[in-house]
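Structural description and commentary
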Amino acid sequence: MTTDNSKTPPLLSIQNIETLYFDRIYALHGLSLSVREKEIFAVLGPNGAGKTTLLKTIAGLIKDQPKKGIIQFAGHRIHRLAPERVSSLGIVYVPEDRGLFRELTVRENLELGLWGRRDKGIKDDLEFCYQLFPILKARSTQQAETLSGGEQQMLAMARAMLRRPRLLMLDEPSLGLAPMIAKSVYDALLRISHAGTTILLVEQNARLALKIAGYGYIMEAGRIVLEGTSASLQANEDVKELYLGLGGETASPKGWRLYKKRRTW
Amino acid sequence: MQHFLQYTVSGLATGAIYALVALGLALIYRSTRILNFAAGDMATAGTFAAFTLICMQIPFGAAATAGVVVGAVIAMGFYFIILVPAQRRDANQLSQIILTLGLALILQGLVGHFGGTEPQAFPFPLSDAKLHKFGTVVISELGLGTLGISVVCCVLFYLLVQKTRIGLAMRATSENLPAAQTLGIPTRRVLAFSWGLAAGLGVVAGLFLAPAQTLDPFFMLEPFLKGFAAAILGGLNSLPGAIVGGLILGVAEGWAGGYISIAFKNTMAFLIIVAVLLIRPEGMLGEEFKERV
Ligand SMILES: Nc1ncnc2c1ncn2[C@@H]1O[C@H](COP(=O)(O)OP(=O)(O)O)[C@@H](O)[C@H]1O
Ligand SMILES: [Mg+2]
């Protein structure tokens, strides 16, 4: 996973971006990161760190933001572009709420993912999705809102893949899922990655994310505070204690505050 | 029993008009959350356009089609030229509704200026006086035509929304606009199409209503208000609800007018609406809005 191809320019490169809400609340505060082609990158961090804001900023969903900084994707400057433009360049974003059409059927949701495509690969892509998530075939005439949380996440991922993304961005795909289901979602992500799609993943569940990601960024209060290969992050004492919850349980808010004083970043 | 059937059938013919108006209103409300106060005046403008062409000896079918197109073009123009720029400036729901009110006043002025404010007879191929008898029930040729055209419009509308690609895009856009945008669906064009379609339905209603009364710039005001009531009765965001609501309202008016007094027609209709809304505030077939975070 972590082959050293750092000489080729990254697919996505973000330099010093600042995103503000209401023109005065800093949600991203001079954040930089890059994502290399065909790898899985994870952004980890506590609630409110700005992870969702980061993905929305990249997708162009926050009007007139980032206020400062540069976002480059495959040679294009994409900061402050309209979401349709960003998406037409091949960045597909699966939001935290999955962004499904809840009243439409599974089949119709997938059909909408194929909107604008007329190429010959459609059949293969559908086949790939059904292989990845056989359950979607069984549920094809059911309304999306009748699916379980895990199935909804799978439908969102399948629909995203039908757009042939160059960069697939997911916001907390494991949120609200039972551990077993979360694991199968992550297995599918790994297969999507092996098939050649670049993935940028945002998670609170660091243990799960670092298992499949090659490289990770730790984010706090709108900044990247630590980065490294998954192996190095998993070995890092601070990360272990804060995010991987070694010692049994995940860190309590109180433990968090105590720990914040001792940590090294 | 004989009276009952007669009142019901007459009511259905009136209700068919309400249903068409309500369907247009519900379609716009569903996809944009806007109450279109200009719906009646868009229909009036289209009907007047058809009337003008008929007076110029254009065949009725062509004139009627042109009238529907005029109504649709006005609605699409309003969407692209006024609503879209307003939305770009973050206009809220209420100010967009006020914009439709403004359009209503502008259209009233234009129709009055160019079409004249005097009531005029609207020439129509179907007669209001020629009666058909079905058993004990009597219905005019025009009434039959009105029922027929409404059924045709509703069926075509259903097929369009449920079975075509543009219909799928319409349903997606009205349910989750940001998701539709990020999938590359041309949501502006889809919404413009919905505006045109809604106005077209209104013009059809106007064309079949005008021969039953006389044509003047305000002839759609009452059917518009009734259509509005029918849409709310059915649940503003439900398309089948709009049709059912229109028919129920028409039949209720027919019964009230027949059994009680013609003066009670409107009162009765609104009593039913109040009753339904007290029991089910979201309307008969409406769903409560699920607010998404
Ligand atoms: N729409 C918004 N308006 C104002 N502030 C917001 C909005 N969305 C998020 N924020 C704020 O920005 C910060 C980052 O939020 P978010 O990106 O959702 O974090 P995360 O996804 O890491 O939990 C939080 O302090 C949050 O309160
Ligand atoms: Mg978030």
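One can find the structure itself at the top, above this paragraph.
Read on for a plain summary of the structure. On a predicted model such as this, the values are computed, not experimentally measured, just so you know.

About the cut-offs
- Residues numbered from 1 in each chain as written.
- Chains lettered and ligands numbered in written order.
- Predicted model: local features only at pLDDT ≥ 70, side-chain atom pairs only at ≥ 80, totals over all residues.
- Heavy atoms only, no water.
- 1 Å grid on protein atoms, 1.4 Å probe; cavity = no way out; pocket = protein on both sides within 12 Å on 5 of 7 lines; lining within 4 Å.
- Points joined across faces, edges and corners; volume = space filled by probe spheres on them.
- Helix = DSSP H or I, 4+ residues; strand = E, 2+ residues; numbered from the N terminus.
- Near = heavy atom within 4 Å.
- Polar contact = N/O pair within 3.5 Å; in protein donor to acceptor, adjacent residues only side chain to side chain.
- Areas by Shrake-Rupley, 256 points an atom, 1.4 Å probe, with all protein chains shown as cover.
- Core = buried A, V, L, I, M, F, W, Y, C linked by side-chain atoms within 4.5 Å.
- Buried < 20%, exposed > 50% of the residue type's maximum accessible area, 1.4 Å probe, protein only.
- Contact = heavy atoms within 4.5 Å.
- Axes fitted to C-alpha atoms, helices over the stretch in contact; angles between N-to-C directions.
- Parallel < 35°, antiparallel > 145°, perpendicular 65-115°, else oblique.
- Left-handed = near helix turned anticlockwise from the far one by under 90°.
- Salt bridge = Lys/Arg side-chain N within 4 Å of Asp/Glu carboxyl O.
- Pairing = 2+ DSSP bridges.
- Expected span 1.5 Å × (residues − 1).
- Right-handed = clockwise from strand over helix to strand, strands pointing away.
- Buried area = accessible area lost by both parts, 1.4 Å probe.

1. Description of empty space enclosed by the protein
Tallying each qualifying case throughout the model produces one cavity of 30 Å³ or more. Sorting the residues of the lining of the largest cavity by element identifies helix H1 (2-32), helix H2 (39-55) and helix H8 (187-209) of chain B as the ones contributing at least two each.

2. Concerning the site of ligand 1
Residue and element names in this part refer to chain A. All residues in the neighbourhood of ligand 1 are listed as Tyr 21, Phe 22, Ala 27, Pro 46, Asn 47, Gly 48, Ala 49, Gly 50, Lys 51, Thr 52 and Thr 53. Gly 48 places a polar main-chain atom, nitrogen or oxygen, 2.7 Å from an oxygen atom of ligand 1. Lys 51 is positioned such that a nitrogen or oxygen atom in its side chain is 2.8 Å from an oxygen atom of ligand 1. Taken by itself ligand 1 offers 560 Å² of open surface, and the protein chains cover 62% of this. In terms of residue count, the dominant contributor to the shell around ligand 1 is helix H1 (residues 51-59) (three residues).

3. Description of the nonpolar core
With 81 residues, the main nonpolar core has Phe101(A), Leu112(A), Met42(B), Phe122(B), Ile185(B) and Trp195(B) as its most contacted residues. In terms of residue count, H8(B) provides more of this core than any other element does, 13 residues in total. Excluding its chain neighbours within four sequence positions, the residues that come into contact with Leu112(A) are Phe101(A), Leu104(A), Leu168(B), Ala172(B), Leu183(B) and Ile185(B). Core analysis: the second largest hydrophobic core is formed by 49 residues, Val92(A), Leu136(A), Met161(A) and Leu210(A) among them.

4. Comments concerning the packing of H2(B) against helix H4 (residues 93-115) of chain B
Residue and element names in this part refer to chain B. At a minimum axis separation of 9 Å, H2 and H4 run at an interaxial angle of 25 degrees. As summarised for this structure, H2 and H4 are arranged roughly parallel, according to the angle between their axes. For the pair H2 and H4, the sense of crossing is left-handed. Mapping the contact onto sequence places Asp 41, Met 42, Thr 44, Ala 45 and Phe 48 in H2 and Leu 103, Ala 104, Leu 107, Gln 108, Val 111 and Gly 115 in H4.

5. Digging into the pattern of salt bridges
Residues and elements named next belong to chain B. By the definition in use, this model includes 18 salt bridges over all chains. A salt bridge links Lys 130 to Glu 141; its shortest N-O distance comes to 3.6 Å. Residue Lys 130 is found in the loop between H4 and strand E1 (131-134), and its partner Glu 141 is found in helix H5 (residues 141-163); the two are separated by eleven residues along the sequence. The class of Glu 141 is buried, set by a relative accessible area of 17%. Residue Lys 226 pairs with Glu 222 through a salt bridge whose shortest N-O separation is 2.8 Å. Taken together, the residues Lys 226 and Glu 222, both in helix H9 (residues 221-234) and four residues apart, mark about one turn of the helix.

6. Describing the layout of surface pockets
Rolled over the atoms, a probe sized like a water molecule indicates the empty space that remains. All names here are of chain B. By volume, the second largest pocket is sized at about 430 Å³. Along the wall of the second largest pocket there are 24 residues; nearest its centre are Ser 10, Ala 13, Thr 14, Leu 209 and Ala 212. Put simply, the parts of the chain that give the lining of the second largest pocket at least two residues each are H1, strand E2 (137-140), H5, H8 and H9. Per-element accounting of the lining of the second largest pocket gives the leading share, seven residues, to H1.

7. Remarks on the pairing of strand E9 (residues 215-220) of chain A
All names here are of chain A. The element E9 is extensively covered by neighbouring structure, given that six of its six residues are classed as buried. Side chains Tyr 215, Tyr 217 and Met 219 of E9 all project onto a buried face; the interleaved residues Gly 216, Ile 218 and Glu 220 project onto the opposite face, where all are buried too. Pairing geometry for strand E3 (residues 40-44) and E9, over four bridges, is parallel. Among the inter-strand pairings, Ala 42 is bridged to a residue of E9, identified as Gly 216.

8. Description of H5(B)
Residue and element names in this part refer to chain B. The terminal C-alpha atoms of H5, which comprises 23 residues, lie 32 Å apart, in line with the 33 Å expected from a rise of 1.5 Å per residue. Every buried residue of H5 is listed here: Glu 141, Leu 142, Gly 143, Gly 145, Thr 146, Ser 150, Cys 153, Cys 154, Phe 157, Leu 160 and Val 161. For H5, the elements touching its buried residues are H1, E1, E2, helix H6 (165-175), H8 and helix H10 (239-260).

9. Comments concerning the packing of H9(B) against H10(B)
Residue and element names in this part refer to chain B. At a minimum axis distance of 7 Å, the contact between H9 and H10 shows a crossing angle of 120 degrees. Here H9 is positioned oblique relative to H10, judged by the angle of their axes. The hand of the H9/H10 crossing is right-handed. Residues Lys 226, Ala 229, Ala 230, Leu 233 and Gly 234 of H9 pack against Gly 241, Ala 242, Gly 245, Gly 246, Ile 248, Leu 249 and Glu 253 of H10.

10. So, the pairing of strand E7 (residues 167-171) of chain A
Residues and elements named next belong to chain A. Where burial is concerned, most of E7 is hidden: five out of the five residues are buried. Here E7 shows two buried faces, one formed by Leu 167, Met 169 and Asp 171 and the other by Leu 168 and Leu 170. Judged from the four bridges that link them, strand E6 (residues 91-94) and E7 form a sheet pairing that is parallel. Residue Ile 91 lies in a different strand from E7, and its bridge partner there is Leu 167. Summarising the sheet, E7 and strand E8 (residues 198-203) pair through five bridges and their orientation is parallel. Across the sheet, the residue bridging to Asp 171 is Val 202, located in E8. Remark: the E7/helix H7 (residues 179-194)/E8 crossover connection has right-handed handedness.

11. Brief notes about the interface of chain A and chain B
The interface of chain A with chain B comprises 20 residues on the first partner and 21 residues on the second. Between chain A and chain B, roughly 1900 Å² of surface is buried when both sides are summed, and carbon and sulfur atoms account for 55% of that area. When residues of chain A are sorted by the area they lose upon contact with chain B, Phe101(A), Glu103(A) and Trp115(A) head the list and together hold 35% of the total. Counting every contact that joins chain A to chain B gives three salt bridges. Across the pair Arg30(B) and Glu103(A) runs a salt bridge whose closest N-O atoms are separated by 3.7 Å. Across the chain A-chain B interface, the total number found is eight residue pairs in polar contact (both at pLDDT 80 or more). Among the elements of the structure, helix H2 (83-88) and helix H3 (106-113) of chain A are those that each provide at least two residues to the side of chain A that touches chain B. Looking at which element gives the most residues to the side of chain A that touches chain B, the answer is H3(A), with four residues.

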